[in-house]
Amino acid sequence: MSNSLKQRKLTSKLVLYITLLAGLVISIFPFYWMFVGSTNHTSKMFTNPPTLTFGGQFLTNLTNLNDSIGIYRVLFNSLFVSLVYVLLALIVNTMAAYALSKFEFKGQKTIFMILIVSMMIPYQATMIPLFKLMANFNFLNTYFALIVPSLCLPFAIFLMRQNLLAFPTALIEAARIDGAGEIRIFLRIVLPSMKPALAATAIYLFMAQWNNFMWPLVATTSNDMYTFPVALSSLIGISIIDYGQVMTGITIATIPIIIFFLLLQKHFIAGMLGSSVK
Amino acid sequence: MSKKLIPYFFLGPALLLFICFTVYPVISSLILSFQTQEAGQYVFTGLDNYIRLMKDTIFLKALSNTFIILIIQVPIMLFLALLLASALNSQLLKLRGIFRVGFFMPAVTSLVAYSILFSVMLQDTGVINRFLGFLGVDQIRWLSDAFWAKVSIILAMTWRWTGYNMVIYLAAMQNISEELYEAASLDGAGKIKQFFYITVPQLKPVILFTAIISTISTLQLFDEPYNLTNGGPSDATMTLGLYIFKNGFEYYDFGYASAIAYVVVIIVAILSFIQMKVTGDE
């Protein structure tokens, strides 16, 4: 290889690394700045030059934050709603996926088609009747309203069905011949081999519910029933904003998910993209 | 349990929930879109809500804003994601794992949290203007200028979603045969040519998939304009999603809000259809 060609290759490699590094800084810097902000007083957020070092205000910010939105209560609401939702939605959708992949019955194809098409329906088209329904039954400001309406998630059914299709039907038939009951077959034979798919779907469901904003915003009106995102959003709706509190709030909302993500990278990415780990 | 009933037993709970909380609301809001509240009762008023839409300047603004954001943000983001994925796909690149995790990280933040974060960073005296100041750029009124407020939303969304799409492309790239690139190299095609003549065509179905998903979610855009700009300044970042919410839950005009929601339904249907036709089969 000639010297000039080598040099050109080196330059293009250098350009590539510098560009990627710049991209990485842009991706990561807002997180860093958020952490810094959560440890500083509001006034430090707008200094010139910008404050880029950690301060000692975190506990003060946390106390103020708790005074304004009741952080522990809304954190509990969000966690409770998300975890119960994941559990119930996993059961309901996996069962449906099992029916749609391992049985043949009347209307099967039509039902599956309707479920798939329904994924394209904008959420806003269902929100108003849902709100009226919940209001009529006095379910506003309840965990029921936050959890139940979105339990049947066609995308989760689709995901689980893809994985179940690959499960050998012969195993199910063999178990039937051995006299195992249908529920037993589902619980003891099918589900145990679906662990990676269930994990990915669970992460998908958790993220969807944990981040959900519009429905909780509509379905809750009292502070003690707010989910975390709704409570955070209420912080910036007032006239005098305490940015120290705000940064502390979004930091608390973000850190657990980041830790979770860094620990379970592969499962996490698979879950968020809606596929299972291969 | 009779044999024939078994699948219905497994499907039952999901189906029941689906009928109550998806099918019923979808039909109900279609009916509602032809109704108007008069003296506390909803009465049929035919196409009144839809006719009102045509003359509603805020609706038309929301429609055009949504499309401006869609047409600019989605292609930029998908193109960037493709470029990053190609760069990270190279076996020679060191630290690929770190880049991959780093670029994906914004995608784990909640939409509300990152919107709020950007709203603080983009203040007139915020950290972004301070950095731009070092580079000699005059203070930009990110959130209070009609043009820059749209740019702010586009920037924030691109930050949040590029890495997400990049990871989808990276996964799909594992299925492109190395031989295609080797053959192209032998024929003297450079990296840029390889990108446009091999990578992009090979990933066509995946690109279509991400384009449809991004389009559907941008048409419903709500969390970002609500938390980042609250639709302002003077409706410059009002989106269809935000306008539906405001009509429904600030003005309690359910009929009108439903009519807007159905406009979105129709647009989603048309655009998905066109995108599938234009990009051909699959």
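Residues numbered from 1 in each chain as written. Chains lettered and ligands numbered in written order. Predicted model: local features only at pLDDT ≥ 70, side-chain atom pairs only at ≥ 80, totals over all residues.

1. Re the overall build of chain A
Across its full length, chain A holds 14 helices and zero strands. The C-alpha atoms of chain A give 24 Å as radius of gyration, which overshoots the globular expectation for 278 residues (19 Å, by more than 25%). In terms of its C-alpha atoms, chain A occupies a principal-axis envelope of roughly 75 × 75 × 35 Å. A buried classification covers 41% of the 278 residues belonging to chain A. Taking contacts inside chain A between residues at least 6 apart in sequence as the whole, the part at least 24 apart equals 73%. (Helix = DSSP H or I, 4+ residues; strand = E, 2+ residues; numbered from the N terminus. Rg over C-alpha atoms; globule rule 2.2 N^0.38 Å. Buried ≥ 20, exposed ≤ 12 C-beta atoms within 10 Å, placed from the backbone. Contact = placed C-beta atoms within 7 Å.)

2. Notes on the overall build of chain B
Looking only at helices and strands, one finds 13 helices and two strands in chain B. The C-alpha extent of chain B, read off along each of the three principal axes, is 75 × 70 × 35 Å. Taken across its 282 residues, chain B has 42% of its residues classed as buried. Sequence separation of 24 or more characterises 69% of the internal contacts of chain B that already satisfy a separation of 6 or more.

3. Structural notes on helix 2 (residues 58-69) of chain A
All names here are of chain A. The end-to-end C-alpha distance of helix 2 is 16 Å, a good match for the 16 Å that twelve residues give at a rise of 1.5 Å each. Inspection of helix 2 places N61, L65 and I69 among the buried residues, and these make up the whole buried set. All buried residues of helix 2 lie within an arc of 40 degrees about the axis, which places them on one face of the element. Residues L59 and D67 are exposed on helix 2 and point more than 90 degrees away from its buried face. Looking at the buried side of helix 2, the elements it contacts are helix 1 (3-38), helix 3 (71-102), helix 12 (228-235) and helix 13 (243-263). G70 occupies a position one or two residues after helix 2 and carries a positive phi of about 60 degrees. (Expected span 1.5 Å × (residues − 1). Arc of directions from axis to C-beta.)

4. Thoughts on the interface of chain A and chain B
Contacts between the two partners involve 62 residues from chain A and, on the opposite side, 67 residues from chain B. Residue assignment for the side of chain A that touches chain B shows that the elements contributing at least two residues are helix 1, helix 3, helix 5 (124-136), helix 10 (195-211), helix 11 (214-219), helix 12, helix 13 and helix 14 (265-273) of chain A. Ranked by residues supplied to the side of chain A that touches chain B, first place goes to helix 1 of chain A with ten residues. Broken down by class, the residue content of the side of chain A that touches chain B amounts to 50 nonpolar, eleven polar and one charged. (Nonpolar A, V, L, I, M, F, W, Y, C, P; charged D, E, K, R; others polar.)

5. Observations concerning the domain arrangement of chain A
Under the domain assignment, chain A is made up of domain 1 (3-58) and domain 2 (70-235). If you average the C-alpha positions of domain 1 of chain A and of domain 2 of chain A, the two centres end up 38 Å apart. (Domains from an automatic or database assignment.)

6. Focus on helix 10 of chain A
Taking 1.5 Å per residue, 17 residues should reach 24 Å; helix 10 of chain A reaches 24 Å between its end C-alpha atoms and fits that length. Taken together, the buried positions of helix 10 of chain A are A197, A200, T201, I203, Y204, L205, F206, M207, Q209, W210 and N211 of chain A. Where helix 10 of chain A is buried, its residues meet helix 3, helix 7 (154-165), helix 12 and helix 14 of chain A together with helix 5 (111-121) of chain B.

7. Structural notes on the packing of helix 3 of chain A against helix 7 of chain A
Residues and elements named next belong to chain A. One can describe the packing of helix 3 onto helix 7 by two numbers: an axis separation of 8 Å at closest approach and a directional angle of 50 degrees. With respect to their mutual orientation, helix 3 and helix 7 come out oblique. Note on packing geometry: the crossing formed by helix 3 with helix 7 is right-handed. Across from A89, N93, T94, A96, A97, Y98, L100, S101 and K102 in helix 3, the residues of helix 7 making contact are A156, I157, M160, R161, L164 and L165. For the contact of helix 3 with helix 7, the per-class residue count stands at ten nonpolar, three polar and two charged. (Axes fitted to C-alpha atoms, helices over the stretch in contact; angles between N-to-C directions. Parallel < 35°, antiparallel > 145°, perpendicular 65-115°, else oblique. Left-handed = near helix turned anticlockwise from the far one by under 90°.)

8. Let's talk about the nonpolar core
Counting 147 residues, the largest nonpolar core has A96 of chain A together with A14 and I260 of chain B as its most contacted members. Looking at which element gives the most residues to this core, the answer is helix 3 of chain A, with 14 residues. Among all residues touching I260 of chain B, those that are not within four sequence positions of it are L53, F59, L240, Y243, I244 and N247 of chain B. (Core = buried A, V, L, I, M, F, W, Y, C linked by C-beta atoms within 7 Å.)

9. Observations regarding the pairing of strand 1 (residues 35-38) of chain B
Residue and element names in this part refer to chain B. Strand direction decides the pairing type here: strand 1 and strand 2 (residues 41-44), joined by four bridges, are antiparallel. For Q35, the partnering residue across the bridge sits in strand 2 and is F44. Connecting the antiparallel pair strand 1 and strand 2 is a turn made up of two residues, with A39 showing a positive phi of about 50 degrees. (Pairing = 2+ DSSP bridges.)

10. Notes on unusual backbone geometry
Backbone torsion omega between N48 of chain A and P49 of chain A reads -5 degrees, so that peptide bond is classified as cis. Within the element layout of this structure, P49 of chain A appears in the loop between helix 1 and helix 2. A positive phi angle is found at D235 of chain B, which is not glycine, with a value near 65 degrees. Positionally, D235 of chain B belongs in the loop between helix 11 (223-229) and helix 12 (240-249). For Y252 of chain B, which is not a glycine, the phi torsion comes out positive at approximately 50 degrees. Its place among the elements puts Y252 of chain B in the loop between helix 12 and helix 13 (254-278).

11. Focus on the packing of helix 3 of chain A against helix 10 of chain A
All names here are of chain A. Relative to each other, helix 3 and helix 10 sit at 140 degrees, their axes nearing to 9 Å. Of the possible angle classes, the one that applies to helix 3 and helix 10 is oblique. Here helix 3 and helix 10 pass one another in a crossing that is right-handed. Contacts between helix 3 and helix 10 involve S78, V81, S82, Y85, V86, A89 and L90 from the first element and L198, T201, A202, L205, F206, Q209 and W210 from the second. Looking at the contact of helix 3 with helix 10 residue by residue, the classes come out as ten nonpolar, four polar and no charged.

12. Considerations on the environment of F245 of chain B
Along the chain, the position of F245 of chain B falls in helix 12. Overall, F245 of chain B belongs to the buried group, with 23 C-beta atoms counted inside 10 Å. Between the C-alpha atoms of F245 of chain B and S258 of chain B, which are 13 residues apart in sequence, the distance is 9.9 Å. Aside from chain neighbours lying at most four places away, what touches F245 of chain B is M214 of chain A together with F222 of chain B.

13. Concerning the environment of R176 of chain A
Residues and elements named next belong to chain A. Residue position: R176 is located in helix 8 (residues 169-177). A count of 13 C-beta atoms within 10 Å places R176 in the partly exposed class. Placed 92 residues apart in sequence, R176 and V84 show a C-alpha to C-alpha distance of 32 Å.

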